[in-house]
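Residues per chain are reported as follows:
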Amino acid sequence: MKLVAVRALVRGVILESVRRKDLWVIAILGFLILAASGALGLFGVKGLEIFVKDLAVTVLGLFSVILAVLTSCRVLPDEIRNKTLYPLLARPISRLDLLVGKYIGAVAVSWLGFLALVGLTAVALLAFGVHFDLVMAQYVVAKMMGLAVICAIGLCLSAYMTPNAASTLSFLLVLGSTVFTRALQMASAELPSMTWAFRALNAALPQTHLFDLGGRAVYVNWSPAPLWVMAALAGYMMLYVAATVGLGWLRFRRQAL
Amino acid sequence: MTRGPFLVGGLVLAGLAAGSLAPSLGPETNPPTRVTGMEAHETQAGASLLGQFRTTAAAWMYLRADLYLHNGVEMRALTDAERRSGHHGVGGGEDAHHNSDKLHDDSSIVTVVPDKDEDFRGIFGDIERGTAAYRDMKGHDHNDPSTVLPLFRLTTWVDPSFITGWCLGAMVIARAEDKGAVDRAIAYLQEGRRANPDSIEIVTQIGTLNVARKADIAEGLKWLEQARSIARRQDKKTTLSEAEAAVETYRWLALVYKHQKRTKEQHAAAAEGLAWVPDDKVLKRLAK
């Protein structure tokens, strides 16, 4: 794998995002967050600290997922549609290099947007004297790992279907992650003989809700997640990303352009 | 001269006229609805998806109130299959006796994230128990309900027709130990009554607070009789929670009349209440 090529591709994705004004969306969302917190300030946040933190974490989670899905589902199809893929592939880089470069670029854009939102939210909350514990730092790290998984899912799906279909399915898989898991748990309770199948299905579906430490960050007296849990999340992220990007490459390498 | 601009102007005027008349549809399209605890997930589609903003926001905030009481640990009701197989809820803790104030029934709820011995997911389940706000909730206690009071206040501000917010909020206010707590609770309920003049539950609660907490029987009786007239007007065509409140009204009325040794009125109130719930044991006793 040519790291120089990958680096150039990552830079290209970020620049394209800036040019397409995707990050303007983050700026607008950030402004809305500040405006909403200003409105809350008018009514006073005394006694509403948990609610405000809860709202902040919910908004952060949702907007970052939206950005990750929309970015990752478009990086490849846009190149193909605009026919800018041909000059790229004319250079001495493999399709795998291209795919990895695009993936890392999508992750970089998602992380930049997420961190920008985190910064704006932190400023808004600190202005009202609402503080977060150390577990919030874990929340940010875990969320970033989760966004890496989401980008992999979006990229993989975009290799197999149209960007709109890929985004829709990505949203379903990511936002419905908890719902699917609970449904499988209940199904397993009803049909214990089929537990092996539910276990396999559960392992195959993306467990993006595992990366959400919002509950611990928002409420009081929760200790940070154990180190082994963070290490397990990192391991799961690497395995799942490798598997999904690999699946995407299986399709992309043979795709007629 | 083209007719286009006139057509557009006419449509705009029609739209403005419709907009000015739309609020009159409010009571039909937005009747006061009650969301009770975990039922919100099942009865309020908006709580799960998107819906009318006010009811949705109020339902969402009410569900968060339940979450806040459990310090972020998500709870759910037992499924039918679990009940049939003999599963029990987590039960209350040291303050289990407080749960009779209808905050919720701990005996029929469990954690959304399952315990290790009931989780088929292996390592994924262990990770989730490490990342989510999870702990063993058997014999748990609750956060001080006063911590959710601002949330109830916000809920009723967002959706004044959210009767649970008014009633539970008043209950929480009245729990405070200072002398003015009950008066503040009644003032809060009065605000709710102005927004929901036909709510049996709110008016009944004003009455019961006067009777039980202030020992002001005359004032309490006045409000209980008012709740009774609302119940008569509604004639059982109301929501489940309002029907429960109606039964509560008749119980209290019968008890107050019994206390005042007004047997005829006591029996009349009990009999009227039995028309709502024929097998209510309290009313049956008071009707004799």
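First, a word on scope: everything that follows refers to the structure included in this document. Every value quoted in this text rests on a predicted model; they were computed, and no experiment measured them. Within any chain, residue numbers begin from 1 and follow the written order of that chain's sequence. As they are written, the chains are lettered A onward and the ligands numbered 1 onward, keeping that order. This being a predicted model, a pLDDT of at least 70 is required before a residue's local features are given, and a value of 80 or more before pairs of side-chain atoms are given or counted; all residues contribute to the totals for chains, interfaces and linings. Neither water nor hydrogens contribute to the side-chain values; these are computed over all heavy atoms in the structure.

### Description of the overall build of chain B
- Helix and strand labels come from DSSP, where a helix needs a run of H or I of at least four residues and a strand needs a run of E of at least two; each type is numbered from the N terminus. Summing up its helical and strand segments, chain B has 15 helices and 2 strands in all.
- Considering only contacts within chain B whose residues lie at least 6 apart along the sequence, 60% involve residues at least 24 apart.
- With residues, only the protein chains shown are counted as cover, and all accessible areas are computed by Shrake-Rupley using a 1.4 Å probe. Accessible surface, chain B as shown: approximately 15100 Å² in total, 58% of it carbon and sulfur. Note on definitions: a residue-residue contact is assigned when non-hydrogen atoms from the two residues lie within 4.5 Å.

### Observations regarding the overall build of chain A
- Looking only at helices and strands, chain A has 12 helices and 0 strands in total.
- Walking chain A from its N terminus toward its C terminus, one meets helices and strands in the order α-α-α-α-α-α-α-α-α-α-α-α.
- Radius of gyration (C-alpha) of chain A: 20 Å, near the 18 Å computed for a compact globule of 257 residues.
- With an accessible surface of roughly 12200 Å², chain A has 73% of that area assigned to carbon and sulfur atoms.
- In this tally, Lys and Arg are treated as positive and Asp and Glu as negative; His is ignored, and so are the chain termini. Here the site of a charge means atom NZ of a Lys, CZ of an Arg, CG of an Asp or CD of a Glu. One finds the centroid of the 21 positive side-chain charges in chain A at a distance of 11 Å from the centroid of its 10 negative side-chain charges. Only C-alpha atoms enter the radius of gyration, while the globule expectation follows 2.2 Å times N to the 0.38, with N the number of residues.

### What to know about the interface of chain B and chain A
- Taken together, the contact between chain B and chain A spans 35 residues of the former and 38 residues of the latter.
- Buried area: the sum, over both parts, of the accessible surface (1.4 Å probe) that disappears when the two are put together. A buried area of about 2800 Å², summed over both sides, lies between chain B and chain A, and 68% of it is on carbon and sulfur atoms.
- It is B:Phe120, B:Phe124 and B:Thr131 that lose the most area in chain B upon contact with chain A, and together they represent 27% of the buried surface on that side.
- The salt bridge definition used is simple: a Lys or Arg side-chain nitrogen within 4 Å of an Asp or Glu carboxyl oxygen. The salt bridge partner of B:Arg64 is A:Asp54, with a shortest N-O separation of 2.7 Å.

### Let's talk about the nonpolar core
- Counting residues in each nonpolar core, the largest one holds 132 residues, and the members touching the most others are A:Tyr103, A:Phe114, A:Tyr139, A:Leu233, B:Tyr68 and B:Phe152.
- Here this core takes 16 residues from helix α7 (residues 135-160) of chain A, the largest share from any one element. Among the buried residues, those of types Ala, Val, Leu, Ile, Met, Phe, Trp, Tyr and Cys that are joined through side-chain atoms within 4.5 Å form a nonpolar core. Relative accessibility thresholds used throughout: buried, under 20% of the residue-type maximum; exposed, over 50%; partly exposed, between the two (1.4 Å probe, protein chains only).

### So, the packing of aromatic side chains
- Stacked, edge-to-face and tilted are the three classes for Phe, Tyr and Trp ring pairs, Trp counted by its six-membered ring, which pair at centre distances within 6.5 Å; planes under 30 degrees apart are stacked, over 60 edge-to-face, the rest tilted. All chains considered together, the criterion is met by 5 aromatic pairs over all chains.
- Centroid distance A:Tyr236 to B:Phe124: 5.5 Å. Interplanar angle 85°. Geometry classified as edge-to-face. Taken together, the residues span two chains, with A:Tyr236 in helix α12 (residues 227-252) and B:Phe124 in helix α7 (residues 123-131). Summarising the burial analysis for this pair, A:Tyr236 and B:Phe124 share the class buried.
- Connected via pairs of aromatic rings, a cluster forms that spans A:Phe211, A:Tyr236, A:Tyr240 and B:Phe124.
- A ring is considered to have a charge above it if a Lys NZ or an Arg CZ atom is located within 6 Å of its centre and within 35 degrees of its normal. Note that A:Arg95 overlies the ring of A:Phe252, its terminal NZ or CZ placed 5.4 Å from the centroid.
- The lysine or arginine in question, A:Arg253, covers the ring of A:Trp249, its NZ or CZ lying 4.9 Å from the ring centre.

### Structural notes on helix α9 (residues 177-190) of chain A
- With 14 residues, α9(A) ought to run about 20 Å at 1.5 Å a step, and its terminal C-alpha atoms sit 20 Å apart, in line with that.
- Looking only at α9(A), the buried set comprises A:Ser177, A:Thr181, A:Arg182, A:Leu184, A:Gln185 and A:Ser188. Mapping the buried residues of α9(A) onto a view down its axis gives an arc of 160°, with all of them on the same face.
- Looking at the buried side of α9(A), the elements it contacts are α8 (163-175) and α10 (195-204) of chain A together with α7 of chain B. Multiplying 1.5 Å by the helix residue count minus one yields the expected span of that helix. It is the directions from the helix axis to the C-beta atoms whose arc is reported.

### Description of the side chain of A:Ser177
- Here A:Ser177 shows up in helix α9.
- Non-local contacts of A:Ser177, meaning those with residues more than four positions away in its chain, are made with A:Leu172, A:Pro206, A:Gln207, A:Thr208 and A:His209.

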